[in-house]
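# Close look at the chain arrangement
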Amino acid sequence: MSEVRYTDQHEWVRVDGDTATVGITKFAAEQLGDVVFVEVPEAGRKVNAGGEAAVVESVKAASEVYAPVGGEVTEGNAALADDPAKVNADPEGDAWFFKMKLADSGEFAKLMTRAQYDEFVKGL
Amino acid sequence: MTMNRQGRPSAPGTVEENELPTISGDRGLDHEEGLIFELGREGMTGVDVPDVQMSETRLGGLRRKGPIGLPGLSEPEVVRHYVRLSRQNYAIDSGLYPLGSCTMKHNPRLNEKMARLPGFGDVHPLQPQQTVQGAFALISELMRWLTTLTGMPAVAMSPKAGAHGELCGLLAIRAAIEARGEKRPRILVPESAHGTNPATAAFAGFTVDEVPATKGGHVDADALEAKLGPDVCAIMLTNPNTCGLFEPRIIEMAEAVHKAGAYFYCDGANFNAIAGRVRPGDLGIDAMHINLHKTFSTPHGGGGPGAGPVVLSERLAPYAPLPLLMHDGSEFRMIEHADAASGGAKPFGRMCAFHGQMGMFTRALAYMLSHGRDGVRQASEDAVLSANYILASLKDVMSAPFGEGPCMHEALFDDSFLEGTGVTTLDFAKAMIDEGYHPMTMYFPLVVHGAMLIEPTESESKESLDRFIHVLRTMALEAKDGKKERFEGAPRLAPRRRLDETAAARKPVLRWRPKDLPQAAE
Amino acid sequence: MRYHPLTADDRVRMLGRIGAAGIDALFRDVPASAVVPLSAFDLPDTKGELEVERVMARMAARNMSAGSVPFFCGAGAYRHHVPSAVDHLIQRSEFLTSYTPYQPEIAQGTLQYLFEFQTQVALLTGMEVANASLYDGSTATAEGVLMAQRVTRRPKAILSGGLHPHYAETVETVAGLSGKVVRAQTMPGQAEDLASMIDGETACVVVQSPDVFGQIRDLKPIAEAAHAKGALLIVVVTEAMSFGLLESPGAQGADIVAAEGQAIGNGLNFGGPYVGLFATREKFLRQMPGRLCGETKDADGKRGFVLTLSTREQHIRRDKATSNICTNSGLCCLAFTIHLSLLGEEGLTRLARLNHARASALADRLAKVKGVSLMTDSFFNEFTIRLSKPASSVVDALAEKGIIAGVPASRLMPHEKVRDLLIVCATETNTDEDLEALAKGLSEVLS
């Protein structure tokens, strides 16, 4: 059973067992506009919750993608580097940024639910 | 239709409807022009150089083995190529260029002539110092103008542009802090700042802490004071600020900064609003760069070269970088090594090779001498007057977030007047191109949503301003009336329509390559 | 004032529209204590064009211009003949008085020449990509070191002793802030063992060729040594004309090339403005500083050019930018591009050969002068000689005779051991009479 949660930095994280998959939200992708460049972390990199893990750039903006939870990266989505347009096409599906081994499930529980995130976006 | 005496139409008619493609692909005076690499042929050259016999014994076996790949063209072909390219550019010489914060003022040609005098243009930076006393005298005279106009005791001349000047100022501050045996890692930068400010602070090894703006478009002085502490090295503040407003509490802020043991860096990009009326030294500023290409009219040249001398307060003057220009009573001397420095000078290092942008110094001094102190003051006043005239004439049809009070040399609007019209901020700007104007600065400063920053400078006549105002008013009213034709897909009359920046960034093509060689994979 | 179009009457009417009583009302935010009268400025009043010309021409006349005497200075700035067309074209209003091409639809002229410039620089240096120029060679070198630190995530830069001392000091000032800069000491003709200085902390090795003494360096061994330990090789070139004759840095294994482009298209100008050339390998593109111009298409499908990858830059990235650099060297890089377009492959190659031939002829002639010994065995158009007297006093004495003999090494490095070294440069601008004048002058002063 997987569950998805959201951060105030507009990342989503889906947890299956101890594997977390991270991407940016549709809202974030729309704010950025046409994405032109993505840099994803290499497998084996350890990141803390809130630490910089990936980079996403559009023509006019550049942004770090932060790790919503701590753990070790198991895979970066190499397909995004080749075709950054995927981020605009399917941000919350195909265009995940990286997968990681979740270190502390307590961190995940503290993140926003979909309803909370939608409410958060409305307030921006 | 207006007809001249020979019976031919003297007005061009409507270009847009003339859809019939030409055979050549060119359209009247608008020529399509290929890349230089597509034009040349092997063996041709535009410079006659004798083909000399040369021994290879002194090349260490490192003579080039293959061809470089440069095209060959005769002089007329090269001249035509670059003349045609030039015609695809907008320029201040051809029209009003209202780019806020960039200061596109008239560039007098006298300045160009002076820079090309052999005594300035054809002297080497390392020839014996006794043979370049006139060049030193020129630098010294420019230093006198800069220190007098700013009310500051010293100036470092070598920085090559504004951002380079910022770095120079921060390094002087860093050296002064280190000389006190302190460590202060933090720099406060208003969120309205030019991008170079936080970039420079980070570049110089500091962490950047943003100071918010007030609703009125000023730096929040209370928030600034609250952020001061023993770890703050300096604040970097632009005055007049990037919203085109003078910071009314600037003296108070400077006092608070000094009380906290920090230094006050001022971004002098907007000095052209106050030169000859206000001396930054009187405001408590410790360091400020001066963009000679803005305030003192050295040409922007499509992006450079600039020059960014930095005026320094008494407290920072000893740390000015090499080289240092001295006068020993009989002649000038350029001190080029730290151990030759005297009089308590402790230069923090060197910003670049040689002595700075001499070619820009010559032009700036020609501007200053032409203007005189009275002309400099008049230029500032006319720049401020013209910006206020635009603000007053457009604020009822466009939206001005700080439209109540007077502005300085630039008038700030935002895009709320376009809300619900279906015309975007970008459409509005691009439609100005079809009207024969360069768009204003867009989306800067970041503190205002959809910012449109107009800086007319002192170089426009009232007739020119009135015409510009008429065009912008009409455009704003049409947008509000839902007449979107002239906005959608604009520009239509420029050498190019809108360009695909996304494609350019996704698969960068940054150089020409021969057709038979594929682009290297990214 | 001739540059101000507003009349007194205009000003009154404009203040009326604004609703301000006078100009002072527009400056009302200025604190009263900071308002100063015109008399506070001890400066002259406005002058006509003729008068300004007189004042400035008097200053200019106090300088000994290079073209008026036999002239042999190089050491980072080189005197070449610039074709008349170059200066004419860069003064076209549309080039001279335009801004950074932020509106590409009406700036294709600037953008296209930047694209041509980038291509020319990549070809000359033998690298894959080049940017649209930096301030000058010294700041380009410092940017190269910072870039190497970013790419390798290592702190240390090793500078060859043959690197122009001003460049080395610029690197120390900027890159020494966050990393370590180690400088080797070298005398002309001496081999230097940079390879043994490379360790696991080393981001880059910086080598100039031809070096500050004029010596051509074989870069391949140091490239191999650097790469073997995961460090980058930065090659510095101060005389861009040498690209026409010498094997390119790229072909010898450079990862970054930082060069001074002044020699092509630009005059001496007493040290500036010049134009920094910066080129690297495609894989380091995202870490490269400075502006980049890229090819794309417009809405009608026509080829056009735009500034691209600007997310690396300060106006978007702010405190995370690759550099704080904002301007490039615009007009100076246009001058470079036009001069190189005029020269073409044939012209550049011939001109480079001519330079080497002039310098060789001068070296041969000076070697015959008593008290002169040649210290540089392979060079492009510049070499170092040892004199039997301190070089700076010899240069001063020759200046008295109307000969600018070169740059004493002590001007660049205040070491006693370089006291007698003189760096001499000859280009296509030096005639046989010039060479003879220098040889004669030296033999008189040294006897």
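See above for the structure.
Residues numbered from 1 in each chain as written. Chains lettered and ligands numbered in written order. Predicted model: local features only at pLDDT ≥ 70, side-chain atom pairs only at ≥ 80, totals over all residues. Heavy atoms only, no water.

### Notes on the state of the cysteines
Residue and element names in this part refer to chain C. Taken as a whole and judged by the stated rule, the model has 0 disulfides over all chains. Note on C333: no disulfide assigned, nearest cysteine sulfur contributed by C332 at a separation of 8.0 Å. Among the residues examined, C333 registers a relative accessible area of 0% and is labelled buried. (Disulfide = S-S within 2.5 Å. Buried < 20%, exposed > 50% of the residue type's maximum accessible area, 1.4 Å probe, protein only.)

### Re unusual backbone geometry
Most of the time, phi is negative for any residue but glycine, and the peptide bond is trans. In this model, B:A490 is joined to B:P491 through a cis peptide bond whose omega is 0 degrees. Position of B:P491 among the secondary structure elements: in the loop between α13 (462–480) and α14 (501–506). Each neighbour pair has its own omega, and for C:G272 with C:P273 the value is 5 degrees, a cis peptide bond. Despite not being glycine, C:R153 shows a phi value in the positive range, around 50 degrees. Position of C:R153 relative to the elements: it lies in the loop between α7 (137–152) and β2 (156–159). Positioned with a positive phi, C:N269 is a non-glycine residue whose angle comes to about 45 degrees. With respect to the helices, strands and loops of the structure, C:N269 is situated in the loop between β6 (256–260) and β7 (276–280). The buried category is assigned to C:N269, whose relative accessible area is 18%. (Helix = DSSP H or I, 4+ residues; strand = E, 2+ residues; numbered from the N terminus.)

### Re the interface of chain B and chain A
Facing the 5 residues of chain B at the interface are 9 residues of chain A. In this assembly, chain B packs against chain A so that about 520 Å² is buried in total across both faces, 49% of it on carbon and sulfur atoms. Counting every contact that joins chain B to chain A gives 2 residue pairs in polar contact (both at pLDDT 80 or more). Here the side of chain B that touches chain A is composed, by residue class, of 1 nonpolar, 1 polar and 3 charged. (Contact = heavy atoms within 4.5 Å. Buried area = accessible area lost by both parts, 1.4 Å probe. Polar contact = N/O pair within 3.5 Å; in protein donor to acceptor, adjacent residues only side chain to side chain. Nonpolar A, V, L, I, M, F, W, Y, C, P; charged D, E, K, R; others polar.)

### Re the sheet that holds strand β10 (residues 411–413) of chain B
Residues and elements named next belong to chain B. Here we have 3 strands laid out as an open sheet, ordered β10-β12-β11, and antiparallel in their pairing. Either end of the sheet is taken by a strand with one partner, and the two such strands are β10 and β11 (441–442). In this sheet, strand β12 (residues 452–454) lies alongside β10 in antiparallel orientation, the contact comprising 3 bridges. Each bridged residue has a counterpart across the sheet, and for A411 the counterpart in β12 is I454. Lying over the sheet, helix α11 (residues 358–394) contacts β10 and β12, oriented at roughly 30 degrees with respect to β10. (Pairing = 2+ DSSP bridges. Axes fitted to C-alpha atoms, helices over the stretch in contact; angles between N-to-C directions.)

### Brief notes about the nonpolar core
B:L146, B:L292, B:F296, B:M398 and B:F428 are the most contacted members of the largest nonpolar core, which totals 129 residues. Considering every element that reaches this core, the biggest residue donor is α11(B), with 18 residues. The contacts of B:L146, once residues within four sequence positions are left out, are B:V155, B:M157, B:I290, B:L292, B:F296, B:P309, B:V311 and B:M368. One finds B:C233, B:L316, C:F284 and C:A409 within the second-largest nonpolar core, a separate group that totals 97 residues. (Core = buried A, V, L, I, M, F, W, Y, C linked by side-chain atoms within 4.5 Å.)

### Topic: the sheet that holds strand β6 (residues 52–58) of chain A
In a beta sheet, neighbouring strands are held together by backbone hydrogen bonds and run either parallel or antiparallel to one another. Residue and element names in this part refer to chain A. The strand order across the open sheet formed by 3 strands is β4-β6-β7, and the pairing between neighbours is antiparallel. The open sheet is flanked by β4 (35–39) and β7 (62–66), the only strands paired with a single partner. Mean inter-strand twist for the sheet, computed between neighbouring axes without regard to direction, equals 25 degrees. The sheet contact formed by β4 and β6 spans 4 bridges and is antiparallel. Across the sheet, E39 pairs through a bridge with V55, a residue of β6.

### Quick word on the pattern of salt bridges
Scanning all chains against the criterion turns up 70 salt bridges over all chains. When the shortest N-O distance is used, the salt bridge between A:R114 and A:E92 registers 2.9 Å. In this pair, A:R114 is assigned in helix α5 (residues 114–122) and A:E92 in the loop between α3 (86–89) and β9 (98–102), connecting sequence segments 22 residues apart. C:K302 is the partner of B:E32 in a salt bridge, and the nearest nitrogen-oxygen pair spans 3.7 Å. With B:E32 in the segment before α1 (36–39) and C:K302 in the loop between β8 (293–297) and β9 (303–307), this pair bridges two chains. The partly exposed category is assigned to C:K302, whose relative accessible area is 33%. Overlapping salt bridges, with partners in common, bring together B:K65, C:D218, C:K220 and C:E247 in one network. (Salt bridge = Lys/Arg side-chain N within 4 Å of Asp/Glu carboxyl O.)

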